[in-house]
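Notes for the structure review
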Amino acid sequence: GAGVSQSPSNKVTEKGKDVELRCDPISGHTALYWYRQSLGQGLEFLIYFQGNSAPDKSGLPSDRFSAERTGGSVSTLTIQRTQQEDSAVYLCASSLDPAKETQYFGPGTRLLVL
Amino acid sequence: KNEVEQSPQNLTAQEGEFITINCSYSVGISALHWLQQHPGGGIVSLFMLSSGKKKHGRLIATINIQEKHSSLHITASHPRDSAVYICAVRSRGAAGNKLTFGGGTRVLVKP
């Protein structure tokens, strides 16, 4: 079946502009995660959605970052007033039951802020 | 000190050699993941384990909960094993089951 998909695969934007990144998780997966991988840095957690529960936003680096998940499926990560330090690969992952199952990662969106 | 430490950071091996990557963590965990990331590619989950040992093909992952340590072994390494291997832990009782990642080990297997 289809894996986790993300769009766009690449995004170049100018400093100060807003960007929206999209994630389509595997059908039926109730858990959805956003991670960021900056150049030369490791992966870092951003936000987590589980079913209808309130999302865990503890990893968002600033209030310029927000995410929503509509209908328990597709998720969008929005970065407002982008800064150059936001340049990174943004990865989405989903899981059927994170306590028991592994996470399946999407291909990522490579964001470059000029 | 990072919660998850991997060693070595870089590793070069000749095809056929046995490879070991180590991961140490400082928090109580409910599970540990080993991930593989090929250059320019996405991330693939290799193992999720909470105790003992798991094997998949030429890959073996072990974990010692008491010592807070895990190893990933690659037997009979092949150039296609060249990738970054990442250890990640899910802290016990962590809200949201989020993962904390190690810095990765870059493996190069030469033919």
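Provided above is the structure to which this section pertains.
Residues numbered from 1 in each chain as written. Chains lettered and ligands numbered in written order. Predicted model: local features only at pLDDT ≥ 70, side-chain atom pairs only at ≥ 80, totals over all residues. Heavy atoms only, no water.

1. Some thoughts on the overall build of chain B
- What chain B contains, in helices and strands, is zero helices and 11 strands.
- Listed by position from the N terminus, the elements making up chain B come as β-β-β-β-β-β-β-β-β-β-β.
- In terms of overall dimensions, chain B is globule-like: its C-alpha atoms have a radius of gyration of 13 Å, near the 13 Å expected for 111 residues.
- By its C-alpha atoms, chain B is 45 × 30 × 25 Å across when sized along the principal axes.
- In chain B, buried positions account for 48% of the 111 residues. (Helix = DSSP H or I, 4+ residues; strand = E, 2+ residues; numbered from the N terminus. Rg over C-alpha atoms; globule rule 2.2 N^0.38 Å. Buried < 20%, exposed > 50% of the residue type's maximum accessible area, 1.4 Å probe, protein only.)

2. Quick word on the side chain of His73(B)
Residues and elements named next belong to chain B.
- Counting through the fold element by element, His73 comes out in strand β8 (residues 69–74).
- Side-chain polar atoms of His73 contact the side chain of Thr20, separated by 2.9 Å.
- Once you skip the residues sitting within four places of it in the chain, His73 turns out to touch Phe18, Ile19, Thr20, Arg58, Leu59, Ile60 and Thr62. (Polar contact = N/O pair within 3.5 Å; in protein donor to acceptor, adjacent residues only side chain to side chain. Contact = heavy atoms within 4.5 Å.)

3. Quick look at the interface of chain B and chain A
- Contact residues are listed per partner, giving 14 residues for chain B and 17 residues for chain A.
- Here chain B packs against chain A, burying approximately 1,400 Å² in sum over the two surfaces, 58% of which is carbon and sulfur.
- Considering only the surface of chain B that becomes buried against chain A, Ile43(B), Lys98(B) and Phe101(B) emerge as the three largest contributors, covering 35% of it.
- There are zero salt bridges connecting chain B and chain A.
- Our enumeration of links across chain B and chain A arrives at two residue pairs in polar contact (both at pLDDT 80 or more).
- Taken together, the elements giving at least two residues each to the side of chain B that touches chain A come down to β4 (29–37), β5 (43–49), β9 (83–91) and β10 (99–101) of chain B.
- Split by residue class, the side of chain B that touches chain A holds seven nonpolar, five polar and two charged. (Buried area = accessible area lost by both parts, 1.4 Å probe. Salt bridge = Lys/Arg side-chain N within 4 Å of Asp/Glu carboxyl O. Nonpolar A, V, L, I, M, F, W, Y, C, P; charged D, E, K, R; others polar.)

4. Brief notes about the sheet that holds strand β6 (residues 65–69) of chain A
Residues and elements named next belong to chain A.
- Ordered in space as β1-β3-β7-β6, the four strands form an open sheet in which the pairing is antiparallel. Two strands bound the open sheet, and with one partner strand each, they are β1 (5–7) and β6. Strand after strand, the sheet turns through a mean of 15° between neighbouring axes, direction not considered. (Pairing = 2+ DSSP bridges. Axes fitted to C-alpha atoms, helices over the stretch in contact; angles between N-to-C directions.)

5. Remarks on the environment of Gln9(B)
Residue and element names in this part refer to chain B.
- You can see Gln9 is positioned in the loop between β1 (4–7) and β2 (10–14).
- Taking C-alpha positions, Gln9 is 13 Å from Ile19, a pair spaced 10 residues apart along the chain.
- Those residues in contact with Gln9 that sit more than four places away from it in its chain are Gly104, Thr105 and Arg106.

6. Regarding the sheet that holds β8(B)
Residue and element names in this part refer to chain B.
- Taken in spatial order, the five strands make up an open sheet running β1-β3-β8-β7-β6, and their pairing is antiparallel. What marks the edges here is a single partner per strand, and that holds for β1 and β6 (52–56). Each strand axis lies, on average, 15° off the axis of its neighbour in the sheet, ignoring direction.
- Of the strand pairs in this sheet, β1 and strand β3 (residues 19–25) are connected by four bridges, and their pairing is antiparallel.

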